[in-house]
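Next come the chains, spelled out residue by residue.
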Amino acid sequence: MGTEHYIAELLYRYNCVMVPEFGAFLTQLKSAVINDASNSFYPPSKVISFNEQLTSNDGLLVSYMADAEKMSYEDMQKQIAAVSLKWKKLLKEGNRLNLPNIGELWLNKEGKTQFQPSYQVNYLTSSFGLSTFVSTPISREVLKEEVVELEEKIPFMITPEARKESTLRPYLKYAAVILLAIATGFTGYRLYNEKVYDQELVRQEANQQVSKNIQEATFFNTAPLELPAVSLNVITNKKSGGVHQVIAGAFRIQENAEKKVLQLKEKGYDASYIGVNQYGLHMVAYGSFDDAKEALNYLRKIKQSESPEAWLRSVK
């Protein structure tokens, strides 16, 4: 077999195959390519190039050919050197050197070696079985355009029966529109009722959750409340009887609420029992104010000194 055959075999496994005293054939990985103009698909491959500057002997080609041809290394080296000399002479005479499945070599006007790779063989082993193919473009709306064009060219004959039927079509169209409107109205009414019902359920759940949170955040002992006496710095309230109330707690039993009022009064607060809220709880306030800003300042002092659970209630 010729030297070019062994070069092609080595290109499958190596990225560089040197031909002593001639040059080196190099491969570079190329990704898959889609040509939009021709609708062609090209799989990943190795692109072959040639470098005339790499003329040293790395031993790869000589060893491979010597083993394949059952020759000594020295004899094969001489044989390849003769082939290289023959190829150079062929190029200097102005001929083109065609290496099957590798490419074509020639010299330009300046004496530089030119190389045109062959694309018939893909040397990338991972792309084995993948070949270039052309995909037929998908044509859409072609059938519809042909039908429209056919309707424009062919006249339609209307018989008396067909004319009578055509006079009924507008009324049928109006009847269909009316039925559609009625069905849409019933659907909208049903959706509206479902929406109102869902909103009512949400409101009931929210009220239940608020009631639960208030019960967990305040004092709900059913037994009479025994509060121990505590000595504390007195915080005086300059005003009483207002729409803004700083709440001390809420109790299920009114007796517990009244005891809470007495306990707070002993501590120096202008406490008061302010009645029952919407959840049936008896409310006790540290104090009441007409000025909202003053009530908020008083609430901050209570939270810092007495009870972090105190909160502000405003009554219209």
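Quick caveat: nothing in here was measured; it's all calculated off a predicted structure.

As a further point, take the environment of leucine 85. Looking at the secondary structure, you find leucine 85 in helix α3 (residues 73-92). Taking relative accessible area as the criterion, leucine 85 reaches 62% and is therefore assigned exposed. On a C-alpha basis, the gap between leucine 85 and phenylalanine 22 in space is 7.6 Å, while along the polypeptide they are 63 residues apart.

Our next topic: the sheet that holds strand β11 (residues 272-276). If you walk across this open sheet you meet the four strands as β11-β12-β10-β13, and the pairing is antiparallel. A single partner strand is all that each edge strand has here, and the edge strands are β11 and β13 (311-314). Going from strand to strand, the sheet's axes swing by 45 degrees on average, the running direction of each strand aside. Where strand β10 (residues 244-251) and β13 come together, four bridges link them in antiparallel fashion.

This part covers a nonpolar patch on the surface. On the surface, Ile178, Leu179 and Ile182 cluster together to form a nonpolar patch covering roughly 310 Å² of accessible area. Looking at where isoleucine 178 falls in the secondary structure, it is placed in helix α5 (residues 160-217).

By size, the foremost hydrophobic cluster in this structure holds 27 residues, and its most contacted members are Ile7, Phe25 and Leu105. Looking at this core, the elements that each hand over two or more residues are α1 (3-11), β1 (16-19), β5 (45-51), α2 (60-69), α3 and β6 (97-99). If we ignore the near neighbours within four places in the chain, the residues touching leucine 105 are Phe22, Phe25, Phe50, Leu91, Asn95, Arg96, Leu97, Leu99, Thr113, Gln114 and Phe115.

Attention now moves to the pattern of salt bridges. As a working rule, side chains carrying opposite charge can pair if their charged atoms are close by. All told, the structure shown has three salt bridges when counted by the stated rule. For the salt bridge of glutamate 255 with lysine 259, the shortest nitrogen-to-oxygen distance reads 3.7 Å. Highlighted residues: glutamate 255 and lysine 259, both in helix α6 (residues 254-266), separated by four residues, approximately one helical turn.

Reading the values: the criteria
Residues numbered from 1 in each chain as written. Predicted model: local features only at pLDDT ≥ 70, side-chain atom pairs only at ≥ 80, totals over all residues. Heavy atoms only, no water. Helix = DSSP H or I, 4+ residues; strand = E, 2+ residues; numbered from the N terminus. Buried < 20%, exposed > 50% of the residue type's maximum accessible area, 1.4 Å probe, protein only. Pairing = 2+ DSSP bridges. Axes fitted to C-alpha atoms, helices over the stretch in contact; angles between N-to-C directions. Patch = residues over 30% accessible without salt bridge, like charges linked within 9 Å, V, L, I, M, F, W, Y side chains within 5 Å. Areas by Shrake-Rupley, 256 points an atom, 1.4 Å probe, with all protein chains shown as cover. Salt bridge = Lys/Arg side-chain N within 4 Å of Asp/Glu carboxyl O. Core = buried A, V, L, I, M, F, W, Y, C linked by side-chain atoms within 4.5 Å. Contact = heavy atoms within 4.5 Å.

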